[in-house]
Amino acid sequence: MANMKRLQKELMALQNDPPPGMTLNEKSVQNTITQWIVDMEGAPGTLYEGEKFQLLFKFSSRYPFDSPQVMFTGENIPVHPHVYSNGHICLSILTEDWSPALSVQSVCLSIISMLSSCKEKRRPPDNSFYVRTCNKNPKKTKWWYHDDTC
């Protein structure tokens, strides 16, 4: 099982001091601590202002040494050059740049920052092919990080 003490600490931090525009969906943690849903609202003054999204966090038994599986879920997946229509997020800290020093809050802040800095709403160029052929777990994707301009 994931490091329960660490997860409890991060859960409390997210409940008590969430990043701006983010709130823990309390129902998501009623039955398990290894899967969370975080409700997110697009930051004011950005292309996503007023839009509502949900992030799904899944923690493996190796957390925090192994990154959580994080993806957008629900009815509204943001249209963004690094977000696929199935909710998968191309963000290096979710895979190869993960460090146990990172937390759910730092991941949330990175995702807010990624969305907030976007200049044009569009899907990744390979969205259709990726969505048809990818694994359900985005962590099994061999991401190619080549664009940090959006």
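Coordinates for the structure precede this section.
In what follows, the accompanying structure is described. Note that the coordinates shown come from a computational prediction; the quantities given were computed from them, not determined experimentally.

Moving on: the overall build of the protein chain. When helices and strands are counted, the protein chain shows 3 helices and 4 strands. If you list the helices and strands of the protein chain from N to C, you get α-β-β-β-β-α-α. Judged by the C-alpha coordinates and their principal axes, the protein chain covers about 40 × 35 × 25 Å. Counting only residues that meet the buried cut, the protein chain has 44% of its 150 residues in that class. Taking all contacts inside the protein chain whose residues are at least 6 apart in sequence as the whole, residues at least 24 apart take part in 60%. On the protein chain, roughly 8,300 Å² of surface is accessible, and the fraction owed to carbon and sulfur atoms is 51%. Taking the 16 positively charged and 15 negatively charged side chains of the protein chain as two groups, their mean positions are separated by 8 Å.

Attention now moves to empty space enclosed by the protein. Under the criterion given, the structure shown has 2 cavities of 30 Å³ or more. Within this model, the second largest cavity holds a volume of roughly 30 Å³. Every residue along the wall of the second largest cavity is listed here: Met 40, Gly 42, Ala 43, Thr 46, Tyr 48, Ile 112, Leu 115 and Ser 116. For the lining of the second largest cavity, the element with the highest residue contribution is helix H2 (residues 104-116), accounting for 3 residues. Looking at the lining of the second largest cavity residue by residue, the classes come out as 5 nonpolar, 3 polar and no charged.

Reading the values: the criteria
Residues numbered from 1 in each chain as written. Predicted model: local features only at pLDDT ≥ 70, side-chain atom pairs only at ≥ 80, totals over all residues. Heavy atoms only, no water. Helix = DSSP H or I, 4+ residues; strand = E, 2+ residues; numbered from the N terminus. Buried < 20%, exposed > 50% of the residue type's maximum accessible area, 1.4 Å probe, protein only. Contact = heavy atoms within 4.5 Å. Areas by Shrake-Rupley, 256 points an atom, 1.4 Å probe, with all protein chains shown as cover. Lys, Arg positive; Asp, Glu negative; His and termini not counted. Charge placed at Lys NZ, Arg CZ, Asp CG, Glu CD. 1 Å grid on protein atoms, 1.4 Å probe; cavity = no way out; pocket = protein on both sides within 12 Å on 5 of 7 lines; lining within 4 Å. Points joined across faces, edges and corners; volume = space filled by probe spheres on them. Nonpolar A, V, L, I, M, F, W, Y, C, P; charged D, E, K, R; others polar.

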